[in-house]
Structure formats: structure tokens, C-alpha cells
Amino acid sequence: MLAITIADLRFRARQFLIAVVGAGTVFAIALLLAGMVNSFYAEIDRTVASADADGWVVPEGTSGPFTSIGGMPQSTVGAIAKTAGVTAASGMVISLQSPDRGALGLERIMMIGADPKGFGQVVPDEGEPVRKNNEAVADRRLDLDIGDTFVLGGRTFHVVGLVEGMTMLGGTANAWLSLKAAQGVLFGGEPIVTSILVKGDPEQLPPTLKLMSNEEVAVDSLKPMKDAVDSVNNSKYLMWVVAAIIVAALIYVSALQRTRDFAVLKAVGASSRALFVGVALQSVIVTALGALLAISCAWMLKPAYPVPVEVTQAAYVSLPLIAIGVGILSSLVALRRAVNVDPAIAFGAGQ
């Protein structure tokens, strides 16, 4: 049966090549969509982890430090630091802003202001951390290099450090400023913070404040992207269906063309199970080759997506397994045609 299957693949090589390319392209898109969803989670985890905190204190009634703004007097930071169970506290100012990058124009950023002498500032991959009120560390997606400047809130900031993959909201670049500079941009210089980072576990907070864990902050930060995540996930599943349709159509057409072959095989005693194995093997070969093609195509198609795409190792490993499953399901379309063929056709009778 294997020899017959391979021979038929060679005989209809052009048809199967078209199916491999079609399925491979669809698999590649599905792989990239999975990478897009993963990037939504990964960017949040990296940004939250960069704060190096055990918890986030925000005003009661706000959803989270990255999704809403609620002001607290900066003196609250000192009060929280003295709370039982807290070993350190540091104020932050977080807000979406649109800096002027000169010839590059405006670009939305997630402004993160933190005390250079406290914690909450990111460690740059290149350059130096923020030490002065006119300095900034930015993600590379802001398209600025070390030494470049941007204007925010009427103030000019010099980029002294760069980070990679530190974004929010599906690719919005993060930019770290000093706490005082961020207060100047958002609150006109008033000593107000929007959240307080804590190390340790506060035993009790004032009723006007609430404590959020890193996990709770991450979950809350994904909420603005929920519809986008659901849409991308649905599109990914749709790609699997499209791939199955492409392969199923090919295998069914192939089964129609092999009517006499199936009749001969049944006439010489081939079982329905053996016929299904032969049909399924063709389908699996097509989808497996399509999966291999998809891994290569994904890298070429990745630049077409303006948002970050981070395909995990697990996605690459699972793709061939999913492709095999798609191949087996696709072959079911042609199974009925194969097993219902009248053996008399092999002798010139019937259709």
C-alpha cells in the first residue's frame, strides 16, 4: 500500500505540490497568529517583571496601574514603606503619552516614571539607566537611538538606554523616565503618583487603596487587548479549517481519479481499512510537508505584521502534530468514495 501511495504521489506531483504550498502558507499564517497572541502575553509579563516588585498598590476603584490613572499624594509612598510587612516602597507614574520625535513624528508610548534611586526603573540592554530628569530609556520600537531626543509635555528627553521587547498594548513602546519628570508631564510637577511598588506583603492598607499582585496586574493589563486576542485566536482556528479544506479537496479529487485503482485493490482483497490507510497517508504527507514549508515561510511573512510576533518553541514543535491531525481528518472526506467502489469496475463493469 505504501508503494502504491508513493507512486500515486509521483504521478500527480503537480496537484500535490499545489496542495503543499497552499496548506503550508495557511499553516504559516496560523503559526504567526499564534505568535502574535503569545507576544501580547509576553510583553506584559516582561514589563511587569522589570519593576522588580512583589506587589502594586493603586487607589481603590482603579482597575490597574497600566489600564487606569488614579492619583495619590507622593507622601503615601513613605506611609506604605512603614506598613508592617513592607520592606521597601517606590512611587510610579504610568500613563499613555504621544511624544514628538521630530522628523519621525508623533508616536504613542507607555510612559513609566520611577525614582532612579528607588526601584521600578528598567535595566537597559544597551546604554545607561535613567539617572537625571531629562533622560529616558526606551524600547527600540520607538525608532530612536542612544543620543536621540524626543519632546514630551514641552520637555526634551535624551535617550540614554535602549531595551528590546519591552512594550504594552500590542507593541506600544515603553519609555522610562524619572519619577519627577513623569510627574511634570502628567501632573504639571505636582507630587502625585499613580501606583506604588512594594517589596514584601503589606499586612494592612488604608481602605482607599488596594494591593495587586504581579499576576493580577498582568491579567488586568491584558483586558484592553481581550477583543484583539479573541479575534486573532479565532482567525488562527479558521486557518486550520482552511488548511483542512484545501487538503480535503485535493484528496477527494485524487480519490475520484483513482476509482479504478481502488476497484482493483478491492478485487485482490484489500480491506477498507487498508484503503483508508493509503488515502490518509497521502493526506498526512501533504500536511507534513506543508508544516515544514510553513516553518520557513513564517520567517518571511513575519515582517508583514506591524505588531510583535513571538513564536514559541512549543508552537514549532506542535505544528507538525496539528498538521498530521488535519491530514487525517481531511482524508475522511475521500474515505467513503474509496470504500464504496465496486470491485467489478476493475474488470470493465459498472461505471
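Residues numbered from 1 in each chain as written. Predicted model: local features only at pLDDT ≥ 70, side-chain atom pairs only at ≥ 80, totals over all residues. Heavy atoms only, no water.

Asks: So what exactly am I meant to see when it comes to the overall build of the chain here?
Replies: Tallying secondary structure elements over the chain gives nine helices and 13 strands in all. Contacts in the chain between residues at least 24 apart in sequence constitute 79% of all its contacts with a sequence separation of at least 6. (Helix = DSSP H or I, 4+ residues; strand = E, 2+ residues; numbered from the N terminus. Contact = heavy atoms within 4.5 Å.)

Asks: How should helix H2 (residues 13–50) be read in this particular structure?
Replies: With 38 residues, H2 should cover 56 Å at 1.5 Å per step; its first-to-last C-alpha distance of 53 Å lies within 8% of that length. Phi turns positive, to about 55 degrees, at Asp-52, one or two residues after H2. (Expected span 1.5 Å × (residues − 1).)

Asks: Could you clarify how one ought to interpret the environment of Lys-236 in this entry?
Replies: As for its position among the elements, Lys-236 is in helix H6 (residues 226–257). Assessed through its relative accessible area of 16%, Lys-236 is described here as buried. Separated by 210 residues in the primary sequence, Lys-236 and Val-26 place their C-alpha atoms 9.4 Å from one another. When sequence neighbours within four positions are dropped, the list of residues in contact with Lys-236 reads Ala-30, Leu-33 and Ala-34. (Buried < 20%, exposed > 50% of the residue type's maximum accessible area, 1.4 Å probe, protein only.)

Asks: Explain the side chain of Thr-172 to me, please; I cannot follow it from the model alone.
Replies: Along the polypeptide, Thr-172 turns up in strand E10 (residues 172–178). Not counting chain neighbours up to four residues away, the residues in contact with Thr-172 comprise Leu-96, Arg-108, Ile-109, Met-110 and Thr-167.

Asks: I would appreciate a short explanation of the packing of H2 against helix H5 (residues 214–222) in the present structure.
Replies: Each pair of packed helices can be summarised by the angle the axes make with each other and by the distance between the axes. Interaxial distance between H2 and H5 falls to 10 Å at its minimum, and their mutual angle equals 140 degrees. When the interaxial angle is binned, H2 and H5 end up oblique. For H2 against H5, the interelement crossing comes out right-handed. Touching Phe-40, Tyr-41, Ile-44, Asp-45 and Val-48 of H2 are Asn-214, Val-217, Ala-218, Ser-221 and Leu-222, all from H5. (Axes fitted to C-alpha atoms, helices over the stretch in contact; angles between N-to-C directions. Parallel < 35°, antiparallel > 145°, perpendicular 65-115°, else oblique. Left-handed = near helix turned anticlockwise from the far one by under 90°.)

Asks: Could you clarify how one ought to interpret the side chain of Thr-167 in this entry?
Replies: Checked against the element boundaries, Thr-167 lands in strand E9 (residues 167–168). Within the structure, Thr-167 has its side chain in polar contact with the side chain of Glu-43 (distance 2.4 Å). (Polar contact = N/O pair within 3.5 Å; in protein donor to acceptor, adjacent residues only side chain to side chain.)

Asks: In this structure, what is going on with unusual backbone geometry? I would like to understand it.
Replies: Comment: phi is negative for the bulk of residues other than glycine, and the bulk of peptide bonds are trans. In this model, Asp-52 sits at a positive phi of 55 degrees, which is unusual for a non-glycine residue. Examined against the element boundaries, Asp-52 turns out to sit in the loop between H2 and strand E1 (55–59). On the accessibility criterion, Asp-52 (47% relative accessible area) is partly exposed. Of note in this structure, Leu-169 is not a glycine but carries a positive phi near 55 degrees. On the secondary structure map, Leu-169 appears in the loop between E9 and E10.

Asks: When you look at a nonpolar patch on the surface in this model, what are you seeing that I'm missing?
Replies: Taken together, the side chains of Leu-238, Val-241 and Ile-245 define a hydrophobic patch exposed on the protein surface, amounting to about 280 Å² of accessible area. Turning to its location among the elements, Val-241 is positioned in helix H6. What makes Val-241 partly exposed here is its relative accessible area of 44%. (Patch = residues over 30% accessible without salt bridge, like charges linked within 9 Å, V, L, I, M, F, W, Y side chains within 5 Å. Areas by Shrake-Rupley, 256 points an atom, 1.4 Å probe, with all protein chains shown as cover. Salt bridge = Lys/Arg side-chain N within 4 Å of Asp/Glu carboxyl O.)

Asks: Could you clarify how one ought to interpret the pairing of strand E4 (residues 109–114) in this entry?
Replies: In regular strands, side chains alternate between the two faces of the sheet. Burial within E4 is extensive, with six of its six residues counted as buried. By the alternation rule, side chains of E4 split into Ile-109, Met-111 and Gly-113 and Met-110, Ile-112 and Ala-114, which are all buried. In this sheet, E4 lies alongside strand E3 (residues 86–97) in antiparallel orientation, the contact comprising six bridges. By the bridge assignment, Gln-97 is partnered in E4 with Ile-109. Strand direction decides the pairing type here: E4 and E10, joined by six bridges, are parallel. Note that in E10 the partner of Ile-109 across the bridge is Ala-173. (Pairing = 2+ DSSP bridges.)

Without other data, these values stay purely geometric and don't point to any function.
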